[in-house]
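Close look at the chain arrangement
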Amino acid sequence: MVILKCKQKIREHWKSWLIIDLLAFLLITPQLLSKSMIFGSDILFHFNRFYDVAQQIENHNFQYFMSQYGFQQSGRIVNALYGPLMAYFNGFLVWLSPSWFIYQNLANLILFGLAGHSMYLLLKRSQVIEKRALQLSIIYMTSFSILYWVTRQGFTSWGAAIFPLCLWPMVSLYEDKRFNNWQVGFFMALMFQVHLFSAVLLAIVYLFFYGTIFVVEKKRRGQLLIQGVLSVLLFFLLTTNVWYGLLTLYSGNELLAPFVNHLMHQSTITYNSIYWLVTPGVVLLFIGYFIWFIRKKWHELVLFDRVTVGVAVFFLILSSNLIPWRLLMEQNWKIIETIQFPFRFFVPFTVLLLIFIGRNGQVIIKKKDRTTRVLNIAMALALVQTILLTGYFCLVWQLKEQPIESSLHTYLYTEDSEQLKRAVFSGEKQEILLLVQKSTPDYLPIYQTDQFNKYKQYKEFIIDQNQGGKFTKEVIDGSLVVTWQARLNEEVSVPVVIYDRTQVWLNQRKMPHQELDLTTIGTPKVTSKEGENTLILAYSHSKYLSIALAIPMITLILMLGYRLVKIKD
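Residues numbered from 1 in each chain as written. Predicted model: local features only at pLDDT ≥ 70, side-chain atom pairs only at ≥ 80, totals over all residues. Heavy atoms only, no water.

With that settled, consider the sheet that holds strand S9 (residues 524–527). If you walk across this open sheet you meet the three strands as S5-S9-S8, and the pairing is antiparallel. With one partner strand each, in any of the chains shown, strand S5 (491–493) and strand S8 (517–518) form the two edges of the open sheet. Relative to S9, S5 runs antiparallel, the two sharing three bridges. Each bridged residue has a counterpart across the sheet, and for Val-492 the counterpart in S9 is Val-526. (Pairing = 2+ DSSP bridges. Helix = DSSP H or I, 4+ residues; strand = E, 2+ residues; numbered from the N terminus.)

Written out as structure tokens, the structure reads:
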């Protein structure tokens, strides 16, 4: 029975799935044909994350916390706090890829395909006809929600790619009158493992849809409450590794928060980030239609569509300057500072807008074939616009005298532009990470309060100290080993980062933390002996790490087993 259902699904949808995959490949062809890299503002941060994982795989040296290969081999902690699941997924892709160029195209191909399939599945679940579901899925692939990664390596796009699929249980809640706590817990956990801010956005969407049903259907409140609690419990079981990392690190360290955008009011769709509205241009037309429909046809909408509209409008307002972001930032509220870029609220709005268009897009144009033609034109223009945009970034790489330029907190360690270009095609993936370095200080431990810029301190204590070949760093038996030559009693600042659980040995003597002279960002100043000196770093984690990693895996296996048994029954 299950096999027959699968075959039926394949027969019904294989053409649409194939078209999505072919168009995903089409969207990366400008890069493939021109052999160009797109070097966005966040590329170095993420490439260092993924390179570290790739080297862990290569060297069979699993380190969940400490970076021993990426980030200047500094021993700092990033991946455990920033989308660990996607870090390891992308790290695996880096390990598979012969060069950064191949990795970037492979990652973009997967991202485009994932976004298209995710949106297609959601629209089909929302009772949208197949042609329209395909058209809108392709338009979503070309939206800036996805292109944010392609053009700037903004990690929000990986959350955006699976966001539509994560709304599947909310459709079931309204269409089938059934709250699937398994799906809610799983999708919420999946997003939490991928991108934390996207998980917050998804939770807000869930609360709106779930809360509306809870209020409207009084007789089901008891059942909905129990199912809601079960989904939350499942979510925690599937994310114990993330919570373990957060709790152990934040309980023992004061960590530097990610970049605080003091000009947040400029990072909105109605200020400097208006390109979110016009990428592709058809999004602006959809918004116009959306507003018209609300004004003229609100009374015709069913409950699901009304909630969709309400949540969409909520996120649209948050992404704009209708919210006084400048005033809110002046209050120094931590919860506001964590938002960073209000344009990220446009991601759930885009998803909800396309659901609405899919379900209600034939009011003005009455005939189905005419609607299909209009959406075909919109889809074609969106594809052309995306290819031209990608082509522009490829031309920048090809024609600009310096394809990668020094900028604020980004530093070049070569003036040879050809060397930079060769490095992204090199099998030695560390080369480009040494030639171009960025002093991003996110999640560094803070040991003293001062007014010094942490970006500049990271450059001074880590990047600059690494230059000149004074220090040699290598990984031996799972530990980071730093060696250097020095005079007797010479004070040396070693370019590594010490957290509360970091174990340190200086010249074979274990150093208690109270004996370490640490800078503001946790780099040690040590007194050398004459000749060769060795400093060894290891990260001490308790036996609970294995348990925290095992619980999500065991829970997932039990879920799959239960699902298979239920299908057979």
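There is more to say, and it comes next.
Quick look at the nonpolar core now. If you look at the biggest cluster of nonpolar residues, it comprises 176 residues, and the most contacted ones within it are Leu-167 and Trp-484. It is helix H4 (residues 100–125) that contributes the most residues to this core, eleven residues altogether. In contact with Leu-167, not counting residues within four places along its chain, are Leu-122, Leu-202, Val-205, Tyr-206, Val-351, Leu-352 and Ile-355. (Core = buried A, V, L, I, M, F, W, Y, C linked by side-chain atoms within 4.5 Å. Buried < 20%, exposed > 50% of the residue type's maximum accessible area, 1.4 Å probe, protein only. Contact = heavy atoms within 4.5 Å.)

For the structure shown, the criterion picks out 54 aromatic pairs. Ring centres 6.1 Å apart and planes at 35° place the aromatic pair Phe-144 and Tyr-148 in the tilted group. Note that Phe-144 and Tyr-148 are positioned in helix H6 (residues 144–152) at a spacing of four residues, about one turn of the helix. On the basis of an interplanar angle of 80° and a centroid distance of 5.3 Å, the ring pair of Phe-192 and Phe-235 is categorised as edge-to-face. Here Phe-235 lies in helix H11 (residues 221–238) and Phe-192 lies in helix H9 (residues 181–194), a separation of 43 residues in the sequence. Look at Phe-192 and you get buried, because its relative accessible area is 8%. Between Arg-76 and the ring centre of Phe-71, over which it is positioned, the NZ or CZ distance is 4.6 Å. (Phe/Tyr/Trp six-rings, centres within 6.5 Å; stacked < 30°, edge-to-face > 60°. Lys NZ or Arg CZ within 6 Å of the ring centre and 35° of its normal.)

Let us look at helix H22 (residues 454–466). With 13 residues, H22 should cover 18 Å at 1.5 Å per step; its first-to-last C-alpha distance of 17 Å lies within 8% of that length. Where H22 bends most, at Glu-460, the angle is about 35°. Here H22 has its buried residues at Lys-454, Tyr-455, Gln-457, Tyr-458, Lys-459, Phe-461, Ile-462, Ile-463 and Asn-466. Looking at the buried residues of H22, the elements they touch are strand S1 (410–412), strand S2 (436–438), strand S3 (472–476) and S5. With a side-chain oxygen lying 2.8 Å from the backbone nitrogen of Tyr-455, the N-terminal cap of H22 falls on Asn-453. Looking one or two residues beyond H22, the residue adopting positive phi is Gly-468, at roughly 90°. (Expected span 1.5 Å × (residues − 1). Bend = angle between axes of the 7 residues up to and from the residue. Polar contact = N/O pair within 3.5 Å; in protein donor to acceptor, adjacent residues only side chain to side chain.)

Residues Pro-524 and Val-526 line the buried face of S9, whereas the alternating positions Lys-525 and Thr-527 sit on a face that is not buried. The sheet contact formed by S8 and S9 spans two bridges and is antiparallel. Within S9, the position partnered with Asp-517 by the bridge is Lys-525. Between S8 and S9, which follow one another and run antiparallel, lie five residues, and Gly-522 among them has a positive phi close to 90°.

Turning to the sheet that holds strand S7 (residues 509–510), a few remarks are in order. Spatially, S3-S4-S10-S6-S7 is the arrangement adopted by the five strands of the open sheet, whose pairing is antiparallel. Each having just a single partner strand, S3 and S7 make up the two edges of the open sheet.

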